[in-house]
Amino acid sequence: VAVGSRFRQTRSVPRPAVEMLEVTRLEPHRRIEIVGDLASFPAHLTSGGLVLLSQLSDDVVADLYSDERWAGRPEQRPDVVELQRELARVRRVGAAVQRNRSETGVSAVGVPVEVPGVTPSAVTIAMPTLRYDPTELQSWLRELRITVADVREALAREVSAMRLAGAPAPDA
């Protein structure tokens, strides 16, 4: 990997596509290797999941985290009142931070991507917890919000074009 190198990435959101990405910055002195399997985690353990949960009402969150839904795995169920407090904070700040919740040694910051007519989503930055520096949070949030603005603009154009063409919007 080097500045100027390109690689291919596939995605499925908001629609399937293949993209070419170019490395524009490399910090070789901060190289990191992550080893392990990708896994899914309950939403309350990830910054993106917390952002999405924050867009739900407290009643819906209480239902999603009811004793019945978590039967057989009560040790994994968060305290619902504490979760709702955290989600209120995410709504107020417009961002979620998680440190070592989804996986020991991994932290992340996430912000919502809200576009009318498109399923709510989030953009996140993940990093080793050793590199998580609270004094950098505002800088990361600024970068995330710039990215969100670009994503919102692109999605809004796409939804508008779909509607003009008579196609249903992604959420229809």
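One can find the structure itself at the top, above this paragraph.
Summarised in this report is the structure supplied together with it. For every chain, the first residue of the written sequence is number 1, and numbering continues from 1 along that sequence. At least 70 in pLDDT is required for a residue's local features to be given in this predicted model, at least 80 for side-chain atom pairs to be given and counted, and no such filter applies to totals for whole chains, interfaces and linings, which use all residues. Each side-chain value is worked out from all heavy atoms of the structure, with water and hydrogens disregarded.

1. Here's the deal with the overall build of the protein
Numbering of helices and strands runs from the N terminus, with a helix taken as a DSSP run of H or I at least four residues long and a strand as a DSSP run of E at least two residues long. From N to C terminus, the protein includes 4 helices and 5 strands. The rule is simple: take the accessible area with a 1.4 Å probe, protein chains only, and divide by the maximum for that residue type; under 20% is buried, over 50% is exposed, in between is partly exposed. Sorting the 172 residues of the protein into buried and exposed places 28% on the buried side. Long-range pairs, those at least 24 residues apart, make up 47% of the contacts in the protein between residues at least 6 apart in sequence. The method behind every accessible area is Shrake-Rupley, applied with a 1.4 Å probe, and residues are considered shielded solely by the protein chains displayed. Split by element, the accessible area of the protein, about 11,600 Å² in all, is 54% carbon and sulfur. Here, residues are in contact when the closest pair of their heavy atoms is within 4.5 Å.

2. Some words on the sheet that holds strand E3 (residues 96-99)
A sheet is described by the order of its strands in space; here 3 strands give the open sequence E3-E4-E5, paired in antiparallel fashion. In this open sheet, the two strands that pair with only one neighbour each are E3 and strand E5 (121-128). Across the sheet, the mean angle from the axis of one strand to that of its neighbour is 15°, orientation sign disregarded. Judged from the 8 bridges that link them, strand E4 (residues 106-113) and E5 form a sheet pairing that is antiparallel. From the neighbouring strand, Ala 108 faces E5, where its bridge partner is Ala 126. Lying on the sheet, helix H4 (residues 137-164) is in contact with E3, E4 and E5; it crosses E4 at an angle near 40°. The pairing criterion for strands is at least two bridges between them, as found by DSSP. Here, axes are lines fitted to C-alpha atoms. For helices the fit covers the stretch in contact, and angles between N-to-C directions go from 0 to 180 degrees.

3. Notes on a nonpolar patch on the surface
Every patch collects residues that have over 30% relative accessible area and no salt bridge, joining them within 9 Å if they carry like charges and within 5 Å if they are nonpolar side chains (Val, Leu, Ile, Met, Phe, Trp, Tyr). Note on definitions: salt bridges are taken to be side-chain nitrogens of Lys or Arg within 4 Å of carboxyl oxygens of Asp or Glu. Residues Leu 56, Val 60 and Leu 64 make up a contiguous nonpolar surface patch of about 190 Å² in total accessible area. Relative to the helices and strands, Val 60 resides in helix H2 (residues 58-64).

4. Structural notes on the pairing of E3
Burial of E3 is one-sided: the residues Ala 96 and Gln 98 facing one way are buried, the residues Val 97 and Arg 99 facing the other way are not. Linking E3 to E4, which pair antiparallel, is a turn of 6 residues; within it Asn 100 sits at a positive phi near 65°.

Treat this as a map of the structure, not an account of what it does.
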